[in-house]
Amino acid sequence: MRTPSSSSEGAAEQGGAGDKLLQSFMGDQDLAVGNMFVEARIRAAFYPKFENDKSDQETRTRMIEMVSRGLATMEVTLKHSGSLFMYAGPHGGAYAKNSYGNLYTAVGVFILGRMFREAWGKEAPKMQAEFNAYLEKNRLNISMELVTAVLGDHGQRPKDDYVVVTAVTELGHGKPKFYSTPEVIAFCRKWRLPTNHVWLFSTRKSATSFFAAYDALCEEGTATPVCKALDEIADISVPGSKDHVIVQGEMLEGLVARIVSRESSVQMEEVLRNFSQPPLDGVNCDLGPNLREICASNSLDGKQKIKAILENLRSSLYPDHSDWFGNSGLDAQSRKADESVVAYFLQAHPTDYATKKLQEMIRLMKQMKEMKPSSFPAAFKCYWNYQKVDSLSNDNLYYKMVIHVHSDSVFTRYQQEMKKNQGLWPLYRGFFIDVNLFKANNKITELSEDSNILLNSIEGSLDSSSSVKDGLADEDSNLMVKLKFLPYKIRTFLIRNGLSTIFKTDRSAYINYYVRQMKSWGTSKSKLKELCKLLNEWAAYIRGKYGNKPLSSSIYLNVENFKRKYLGEAEPFLEQYAKRSPANLALIRAAGNMVQTENFLAILDAERDEEDGFQPEHVVAPSSPTVSLDVVSKIEGLIVFFPGIPGCAKSALCNEILKMPGGLGDNRPIHSLEGDLTKGKYWQKVATERINKPFRITLADKNAPNEDVWQQIEDMCGTTNAAAVPIIPDSEGTDTNPFSLEALAVFMFRVLKRVNHPGNLGENSLNAGNVLIMFYKLYDGKSRREFESELYERFGSLIKMPLLKPDRAPLPGDVKSILDKGLSLFRPQRRKRGREEPSNDSYAKEWEKWEKRLRKILFRNDDYLKSIQVPFEVAVKEVVEQLKAVVKGDIKTPDTAKRRFGNIFFAAVTLSQADILGLVRKVAEKDTAVKKFLNGIKLEDNLNKVHITLAHKSAHGVAAVASYAVYKNQEVPVSFNAFFYTDKMAALEAQLGMVNGETIVSRNDWPHVTVWTAAGVGPKKANTLPQLVSEEKAKRVAIDPPITITGVVDFY
């Protein structure tokens, strides 16, 4: 058996007593491995990071559907801005997201201890001891959001340092089980631990109203208005024991909405009956120096700061400090164990089912990492378990294993593997395992046999369990959506995360950065314009303060250190900016202590009429559609471009389009710019052509494989009033690439058949295969769905060019093997040379050999590669039909589209302009005074947005507006019974009908349609017409019998 031998000896010399123990433990490695057993237990784990397969809009729709059908309840919680902290008792350990024994965990233990003293007063030491014993006995760990000012700035420097419990995990001896939220509330109230604010939505009306409320607040939401709106909408509201406004402030990161069991509402009501909000007996006690006072000394380095914090803990919560400072047997410097421990862990005999499952998942992750290191950034770190130092011996070793995930993409990749293997355990965030390696000595046979019997019996019972949880299928039980608010994102993503970009030499880089971010969020145009002014001033301010050059070590150690405490500079700037005008104040939302949240909406509405300048909500293209269509206005130009790979037939397609009589069916000229024949920087040439002739349709005949190019195309669209339409080859793709190996094989085959190619990429090109591998790798890291979604979100439309027949035979083994070989050759070559094309180095001969074999194999499979392709003329016909539909605007985006969530201001019934004009003409035909009044008035100019306001955010509140979400897009009959007018305005009195048996009631005292207002008179003034009639300052003409028109409920 092959055993790990990598660096044990050398490490033993450097790693101290611990690694010498490992060396002694292994002895004769072949014998040791056969005699080696392992027991593994999860010691701390937080929820798996789950990304929905569906878009946010599809997830919303599914969540509402499940609640409507009584299958589930929707739970919403506040997202506090802090760090993950986990606590499993003094013997179980204290953990941060991917580490332990550091400043984060010291701070976490200190704050948790302080929370106990605040809650229990003089009883705190006793209750801490009971709490620790309870955690140990039941093998629990609690996860918390640790919010503090000493670990770095988020959206707002918190007013206090605190924790909020977010999960309680029952670790047991197997797969972790997470408490339901009612169970978490009961647990926390029993032990007087801080809880989060929770809302439950168990009806269709409340669930749809929640999402509408978020849409109404997404660009201005802070803690007070958000909590107020949700309290009014939710079926159950459970306030947190820590008020976000008091302990953190108004700046709210966001909300987390997820699907939970339909019994959650009943369970929560029972918990609230049985567990009242506990008192705080120690709130007036001397709690000692707080965290900020302890950390205030600038003379403290990291270790001194940790020591000072732990010395001031003043509690029995965590008396053992060996995780931070080592133990008499093992000093802190030798804490990290030899890397070979992970390999020994995988090779040792598992003692039970849990250990076997943990070995299975770590073995799989290591294999995935070895196959594609760059696309699977994860590490497995082992440390000596200091708390077990007294039990260490040559035959018995104890470790803590940390599974450190460096990128969220790892969770996505792992979830894809879980779909293939239903028995895999989840990959948790904050994942720590206690590992015990030991020798069985003379009992090896007996223990091995008993172990196998145990494994088989447990595995048989556990793996046969149903995949349905609480009546929910797995895919539905994991439905979750995170909803963040723009004021927080401005500070965290645009100001803090943009610092490194600000200090680049190119000033436009920051502008590109923040515009790109806001476009990806779907920020409204008005808000984007306001923020551009703010962010440009911020960049000028901070660059000016530090000499208009990159930060030097004399100012801060580096930009990252600056980011950690960025609010020291940003907060005073924002406060001064907010003081300059009410509009600035409304944009900033909160800075310093100057903003009163109850004034926010009043500030917003002081400068605009409530119904003026708003547009109905609309949708943009879906994230994973089967049809890719959108509307391009004929007054614009159009850029057709190709995110593809050489051989995708883009040039042949462009030639066919140019030859078509009548072009694409409108009067715009078509121009093609072929990349292989264009000298200089291609996309700059396209930009120049667009500026000179912005009205025409440009066929950008060059592969556009990356986001930099897509950004340039977006910029061209903005500067030349153009739309852009990507055309992509239709392909299933792989987990990490939007193109399948079959597609790559076809592209290579086509390229190698080219004769006299203008770009010298054809039959005579010696490195043609390598070039295509290079292009293929440019798309690595994106699944097909991610690839299409990003193009949709950027450009709003997408056309797919048919490539492969659906009923094709599988890819021949020799073709797959040669492609796999090329892909594997490409990776090390890139790492060593830092360039794509093989040069005169050790790889050149391998590539030359591979290129020859590639040609031989592809030509040998000539018939197969021709047979699987959709005929070119068929592909051209389908593309042209889609392109004509897009150009003409004949076909609109499907209703399943993903919507850019805009800022909702009011709910209304939208009506047809033609219907209202016809109704007014009928009134004028019967009443000469009305006819005379209308003479010379162009009603068409005033009826661009015909609607009846149902509720407005500023006048009636967010909850009132959101309550109409359940009727959105539903038709409603509207009866008009009178026409009101003065010399300044005119309106139609309306009576709303029913939708699904429910009468639609407007929150406006007088439901009406504003038909006309004179210059300088806002539509809002029409509300005064009934009063003016009573004062004989306006006229009312009855419509008898009333005329009924059908409208649609919508948001503006």
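In this text the structure is predicted, and so the values were computed from the model without any measurement. (Residues numbered from 1 in each chain as written. Predicted model: local features only at pLDDT ≥ 70, side-chain atom pairs only at ≥ 80, totals over all residues. Heavy atoms only, no water.)

(A) Seen up close, the overall build of the protein chain. Regarding its fold elements, the protein chain presents 42 helices and 30 strands. Counting contacts in the protein chain only where the partners sit at least 6 residues apart, residues at least 24 apart contribute 80% of the total. Accessible area of the protein chain: about 46,000 Å², with a carbon and sulfur share of 49%. (Helix = DSSP H or I, 4+ residues; strand = E, 2+ residues; numbered from the N terminus. Contact = heavy atoms within 4.5 Å. Areas by Shrake-Rupley, 256 points an atom, 1.4 Å probe, with all protein chains shown as cover.)

(B) Fine view of a positive patch on the surface. On the surface, K821, K849, R853 and K856 cluster together into a patch of positive charge. The leading source of residues in the positive patch is helix 35 (residues 844–860), at three residues. Judged by relative accessible area, R853 falls into the partly exposed class, the value being 41%. (Patch = residues over 30% accessible without salt bridge, like charges linked within 9 Å, V, L, I, M, F, W, Y side chains within 5 Å. Salt bridge = Lys/Arg side-chain N within 4 Å of Asp/Glu carboxyl O. Lys, Arg positive; Asp, Glu negative; His and termini not counted. Charge placed at Lys NZ, Arg CZ, Asp CG, Glu CD. Buried < 20%, exposed > 50% of the residue type's maximum accessible area, 1.4 Å probe, protein only.)

(C) View of helix 6 (residues 124–138). Over its 15 residues, helix 6 runs 21 Å from end to end, which matches the ideal 21 Å to within 8%, given 1.5 Å per residue. Once helix 6 ends, the next one or two residues include R139, with phi positive near 45°. (Expected span 1.5 Å × (residues − 1).)

(D) Representation of the sheet that holds strand 23 (residues 906–910). The strand order 24-23-30-25-26-29 describes an open sheet built from six strands, whose pairing is antiparallel. Here the strands that pair on one side only, and so sit at the sheet edges, are strand 24 (947–952) and strand 29 (1008–1013). Across this sheet, the average inter-strand angle for adjacent strands is 35°, counted without regard to direction. Summarising the sheet, strand 26 (residues 985–992) and strand 29 pair through five bridges and their orientation is antiparallel. Bridging from a neighbouring strand, M985 pairs with T1013 of strand 29. Across the face of the sheet, helix 38 (residues 913–926) comes into contact with strand 25 (971–981), strand 26, strand 29 and strand 30 (1035–1051) while running at roughly 180° to strand 30. (Pairing = 2+ DSSP bridges. Axes fitted to C-alpha atoms, helices over the stretch in contact; angles between N-to-C directions.)

(E) Just the sheet that holds strand 1 (residues 36–48), in detail. Within the open sheet, the five strands sit side by side as 11-1-14-13-12. Their pairing is mixed. Every interior strand has two partners, whereas the edge strands, strand 11 (349–350) and strand 12 (378–384), have only one. Here strand 1 runs beside strand 11; their pairing, made up of two bridges, is parallel. Bridging across to strand 11, V38 finds its partner in P350.

(F) Representation of the side chain of K953 in the model. Checked against the element boundaries, K953 lands in helix 40 (residues 953–956). Within the structure, K953 has its side chain in polar contact with the backbone oxygen of A216 (distance 2.7 Å). Separated by 3.1 Å, the side chain of K953 and the backbone oxygen of I904 make a polar contact. (Polar contact = N/O pair within 3.5 Å; in protein donor to acceptor, adjacent residues only side chain to side chain.)

(G) A look at the nonpolar core. Grouped together as the largest cluster of nonpolar side chains are 82 residues, with contacts concentrated most on F210, F976 and F979. With eight residues, the single largest contributor to this core is helix 8 (residues 204–217). The contacts of F976, once residues within four sequence positions are left out, are L911, I916, L919, I948, L988, E989, A990, V1009, I1039, P1042, I1043 and I1045. (Core = buried A, V, L, I, M, F, W, Y, C linked by side-chain atoms within 4.5 Å.)

(H) Here's a closer look at the pattern of salt bridges. Inspection of the entire model under this criterion finds 43 salt bridges. The salt bridge involving D352 is made with R41; its shortest N-O contact spans 2.5 Å. Separated by 311 residues along the polypeptide, D352 in the loop between strand 11 and helix 16 (353–371) and R41 in strand 1 bring together distant segments of the chain. With respect to class, D352 is no different from R41; both count as buried. A salt bridge links R60 to D215; its shortest N-O distance comes to 3.0 Å. One end of the pair, R60, is in helix 4 (residues 56–68); the other, D215, is in helix 8, with 155 residues separating them in the sequence. Through salt bridges with shared partners, one network takes in R43, E136, K400 and D434.

(I) Quick look at the packing of helix 6 against helix 7 (residues 181–191). Contact pair helix 6 / helix 7: the axes reach a minimum separation of 11 Å and the direction vectors enclose 145°. Contacts between helix 6 and helix 7 pair M127, E130, F131, Y134 and L135 from the former with F187, K190 and W191 from the latter. Classifying every residue of the contact of helix 6 with helix 7 by side-chain character gives six nonpolar, no polar and two charged. (Nonpolar A, V, L, I, M, F, W, Y, C, P; charged D, E, K, R; others polar.)

(J) How the structure looks around helix 17 (residues 408–420). Within helix 17, the full set of buried residues consists of V410, F411, R413, Y414, Q415, Q416 and E417. Contacts from the buried residues of helix 17 go to helix 16, strand 12, strand 13 (396–405) and strand 14 (428–439).

(K) Molecular detail of unusual backbone geometry. Residue P1041 is bonded to the preceding D1040 through a cis peptide linkage, with omega at 0°. Position of P1041 among the secondary structure elements: in strand 30. Phi at R139 is positive, roughly 45°, even though this residue is not glycine. Among the secondary structure elements, R139 is positioned in the loop between helix 6 and strand 5 (140–147).

(L) Focus on the confidence of the model for the protein chain. For the protein chain, the average pLDDT comes to 81, and 81% of its residues sit at 70 or higher. Confidence drops under a pLDDT of 50 for residues 594–615, and excluding neighbours within four residues, the segment shows 52 contacts in the predicted structure. Scored below 50 in pLDDT, residues 890–901 shows 44 contacts in the model against residues more than four places distant or in partner chains. (pLDDT = per-residue confidence, 0-100.)

(M) How the structure looks around the packing of aromatic side chains. Applying the stated criterion across every chain yields a total of 43 aromatic pairs. A ring pair is formed by Y428 and F431, whose centres lie 5.2 Å apart and whose planes are at 85°; its orientation type is edge-to-face. Overall, Y428 belongs to the buried group, its relative accessible area being 3%. Overall, F431 belongs to the buried group, its relative accessible area being 1%. Both rings, one in Y488 and one in F493, keep their centres 6.3 Å apart while their planes meet at 85°; by these two values the pair is edge-to-face. Cluster of aromatic residues (ring-pair linked, three or more members): Y87, F116, F131, Y134, Y179, F187, W191, Y318 and W324. A cation over a ring is seen here: R192 above W120, with NZ or CZ 3.8 Å from the ring centre. (Phe/Tyr/Trp six-rings, centres within 6.5 Å; stacked < 30°, edge-to-face > 60°. Lys NZ or Arg CZ within 6 Å of the ring centre and 35° of its normal.)

(N) View of the packing of helix 22 (residues 508–521) against helix 23 (residues 525–545). Closest axis-to-axis distance for the helix 22/helix 23 pair is 11 Å, and the angle between their directions is 150°. Crossing hand, helix 22 versus helix 23: right-handed. Across from Y510, I511, Y514, V515 and M518 in helix 22, the residues of helix 23 making contact are L528, L531, C532, L535, N536, W538 and A539. (Left-handed = near helix turned anticlockwise from the far one by under 90°.)

(O) Layout of the pairing of strand 12. For strand 12, a buried count of six out of seven residues is recorded, marking the element as mostly surrounded by other parts of the structure. In this structure, strand 12 lies alongside strand 13, joined through seven bridges in antiparallel fashion. Each bridged residue has a counterpart across the sheet, and for K381 the counterpart in strand 13 is V402.

(P) Seen up close, the side chain of D434. One can find D434 in strand 14. In this structure the side chain of D434 is engaged in a polar contact, spanning 3.3 Å, whose partner is the side chain of R43. Filtering out sequence-adjacent residues up to four positions away, D434 remains in contact with E39, A40, R41, R43, N385, Y399 and K400.

(Q) A look at the environment of L397. Here L397 shows up in strand 13. For the pair L397 and V435, spaced 38 residues apart in sequence, the C-alpha separation works out to 8.2 Å.

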